[in-house]
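Report on the structure
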Amino acid sequence: MIFQQIIWQIFHKLKEERTISAPFHLLRGKRSGQTIQDVGIFHLHQYFGILPKLSRKKYDEEINKLIEQNFITVFENGDYTLANNFISDNLLPFDGWHYRGNEHLFFARLSLIVQSLSHKEAGVMAFIPIQKDPQVQKWVRNFLISNEYQGGHFNSNY
């Protein structure tokens, strides 16, 4: 249901000025002139590229669910109209425009933090880090030192 809410909110922001394919390209982070222009004009930064591996098949399935539930009507030329009866809960705050591409760095840091803390809990202070990047190792070392990990808890404002 959250995915349908996201699609519906994008359609709503597009104000029926684009075709049914526009949210698909936006969610995948397509770097075409039209998609980049839409991000700025319609204030869609938060959704840009948040689902880079979204398949057209999955997208079309969700569009069909919205059609079946009478939340959206799609015409043969790709235009659409929205129903006013869609109930949208508050969504998580996305920011795909600014954070896209940083997921590898995040998971590299996270995996090394988990490895480091696991070894600490086991009393093993020397180990071969799973992340070979010296910048990642330095960041994790600084993070752990500055947050004073003690007894299963961090002593900071995180």
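What counts as what
Residues numbered from 1 in each chain as written. Predicted model: local features only at pLDDT ≥ 70, side-chain atom pairs only at ≥ 80, totals over all residues. Heavy atoms only, no water. Phe/Tyr/Trp six-rings, centres within 6.5 Å; stacked < 30°, edge-to-face > 60°. Helix = DSSP H or I, 4+ residues; strand = E, 2+ residues; numbered from the N terminus. Buried < 20%, exposed > 50% of the residue type's maximum accessible area, 1.4 Å probe, protein only. Lys NZ or Arg CZ within 6 Å of the ring centre and 35° of its normal. Axes fitted to C-alpha atoms, helices over the stretch in contact; angles between N-to-C directions. Parallel < 35°, antiparallel > 145°, perpendicular 65-115°, else oblique. Contact = heavy atoms within 4.5 Å. Nonpolar A, V, L, I, M, F, W, Y, C, P; charged D, E, K, R; others polar. Core = buried A, V, L, I, M, F, W, Y, C linked by side-chain atoms within 4.5 Å. pLDDT = per-residue confidence, 0-100. Salt bridge = Lys/Arg side-chain N within 4 Å of Asp/Glu carboxyl O.

A separate point is the packing of aromatic side chains. Taken as a whole and assessed by the stated rule, the structure comprises three aromatic pairs. An angle of 50° between the planes, with centres 4.5 Å apart, marks the rings of phenylalanine 11 and tyrosine 80 as tilted. You can see phenylalanine 11 sitting in helix α1 (residues 2–14) and its partner tyrosine 80 sitting in strand β2 (residues 80–82), a full 69 residues away along the chain. An angle of 10° between the planes, with centres 5.2 Å apart, marks the rings of tryptophan 139 and phenylalanine 143 as stacked. You can see tryptophan 139 and its partner phenylalanine 143 sitting in helix α7 (residues 134–146), four residues apart, about one turn around the helix. The class for phenylalanine 143 is buried, based on a relative accessible area of 14%. Taking NZ or CZ as reference, arginine 56 lies 4.9 Å from the ring centre of phenylalanine 24, over its face.

Look at α1 against helix α4 (residues 56–68): their axes get within 10 Å of each other, and the N-to-C directions meet at 80°. Taken as axis vectors, α1 and α4 run roughly perpendicular relative to one another. Each of Phe3, Gln4, Ile7 and Phe11 in α1 lies in contact with α4, whose residues at this interface are Lys58, Tyr59, Glu62, Ile63, Lys65 and Leu66. Grouping the constituent residues of the contact of α1 with α4 by class yields six nonpolar, one polar and three charged.

Once that is clear, we can look at the nonpolar core. Judged by nonpolar contacts, the single largest core of 25 residues is most densely connected at Ile7, Ile10, Phe11 and Leu27. When residues of this core are traced back to their parent elements, those giving at least two are α1, α2 (22–28), α4 and β2. Ranked by residue count, the leading element in this core is α1, at seven residues.

As a further point, take the confidence of the model for the chain. A low pLDDT score tells you not to read the predicted coordinates there in detail. Confidence along the chain averages 84 in pLDDT terms, with 82% of residues attaining 70 or more. Looking over the chain, one finds the lowest element-wise mean pLDDT in helix α5 (residues 96–99), namely 67, and the highest in α2, namely 94.

Quick look at the pattern of salt bridges now. For the structure shown, the criterion picks out four salt bridges. Salt-bridge contacts for aspartate 38 lead to arginine 18; the nearest nitrogen and oxygen are separated by 2.8 Å. In this pair, aspartate 38 is assigned in helix α3 (residues 33–41) and arginine 18 in the loop between α1 and α2, connecting sequence segments 20 residues apart. Through salt bridges with shared partners, one network takes in Lys58, Glu62 and Lys65.

Look at lysine 15: it is not a glycine, yet its phi comes out positive at around 55°. Here lysine 15 falls in the exposed class, since its relative accessible area comes to 57%.

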